[in-house]
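Structure at a glance
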Amino acid sequence: MEKGKSDEWLTRDEQQAWRTYLDVGTLLLNQLGRDLEPFDLTINDYEILVNLSESPQRRMRMSDLARATLQSKSRLSHQIGRMEKAGLVRRENCESDRRGLFAVLTEDGWETMRKVAPHHVAAVREHFIDLLPTEDQTALRTALAPVVEHLRAERGTA
């Protein structure tokens, strides 16, 4: 934090930028979550399915999956438990580390992912991508990259 900035109020423009960011984040994630409801998935379920589907052998160590999804290990464990009951994932012991566990995408999980992904992509396009011209998408990505980099460094996941 810059010296002298910590106790100053946000300017009107800074406050508007901050609140717009908060509104977009909240409204967009809520909408994308509603769009997943017909598939009996939450946005967190979908994020886990995506991470597993993109991983070698469609599996990840639970600790790596927690980092990738920015969840605590206990929250992730609870979520994986619900997804196991739905038949989307299973846990497997790690052969090289008896304390380690893998989350593994099941065939039902993979089929769910294949079925839901086109609908999710369409929703992302409808509610975000198609509303922003390409140059604004580039500007947004460029503008937010330092924030992401800073927060990942703070979290220790750079």
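Please read these numbers as outputs of a predicted model, since none were measured by experiment. (Residues numbered from 1 in each chain as written. Predicted model: local features only at pLDDT ≥ 70, side-chain atom pairs only at ≥ 80, totals over all residues. Heavy atoms only, no water.)

Quick look at the packing of helix H1 (residues 12–36) against helix H5 (residues 107–127)
Relative to each other, H1 and H5 sit at 145 degrees, their axes nearing to 10 Å. For the pair H1 and H5, the crossing hand works out as right-handed. Taken together, the residues of H5 that come into contact with H1 (itself represented by Leu28, Gln31, Leu32, Asp35 and Leu36) are Val116, His120, Ala123, Val124 and His127. A class-by-class count of the residues in the contact of H1 with H5 yields six nonpolar, three polar and one charged. (Axes fitted to C-alpha atoms, helices over the stretch in contact; angles between N-to-C directions. Helix = DSSP H or I, 4+ residues; strand = E, 2+ residues; numbered from the N terminus. Left-handed = near helix turned anticlockwise from the far one by under 90°. Contact = heavy atoms within 4.5 Å. Nonpolar A, V, L, I, M, F, W, Y, C, P; charged D, E, K, R; others polar.)

Details of unusual backbone geometry
Within the chain, Arg58 stands out as a residue other than glycine whose phi angle is a positive 50 degrees. Summarising the element assignment, Arg58 is placed in the loop between helix H2 (43–53) and strand E1 (59–61). Notably, Leu70 is not glycine yet its phi reads approximately 55 degrees, a positive angle. Its location among the elements puts Leu70 in the loop between helix H3 (62–69) and helix H4 (73–85).

Some thoughts on the side chain of Asp45
Relative to the helices and strands, Asp45 resides in helix H2. Taking relative accessible area as the criterion, Asp45 reaches 4% and is therefore assigned buried. Within the structure, Asp45 has its side chain in polar contact with the side chain of Gln79 (distance 2.7 Å). The residues contacting Asp45, other than those within four sequence positions of it, are Asp40, Gln79, Arg82 and Met83. (Buried < 20%, exposed > 50% of the residue type's maximum accessible area, 1.4 Å probe, protein only. Polar contact = N/O pair within 3.5 Å; in protein donor to acceptor, adjacent residues only side chain to side chain.)

As for the packing of aromatic side chains
The tally for this structure, following the rule as stated, stands at one aromatic pair. Between Trp18 and Tyr21, the aromatic rings sit 5.9 Å apart at their centres with planes inclined by 25 degrees, giving stacked as the arrangement. A residue pair is termed a helical-turn pair when its members lie 3 or 4 positions apart in one helix, as Trp18 and Tyr21 do in helix H1 at three residues. Its guanidinium or amino end placed over the ring of Trp110, Arg58 lies 3.7 Å from that ring's centre, counting from NZ or CZ. Between the NZ or CZ atom of Arg59 and the centre of the ring of Phe102, over which it lies, the distance is 3.9 Å. (Phe/Tyr/Trp six-rings, centres within 6.5 Å; stacked < 30°, edge-to-face > 60°. Lys NZ or Arg CZ within 6 Å of the ring centre and 35° of its normal.)

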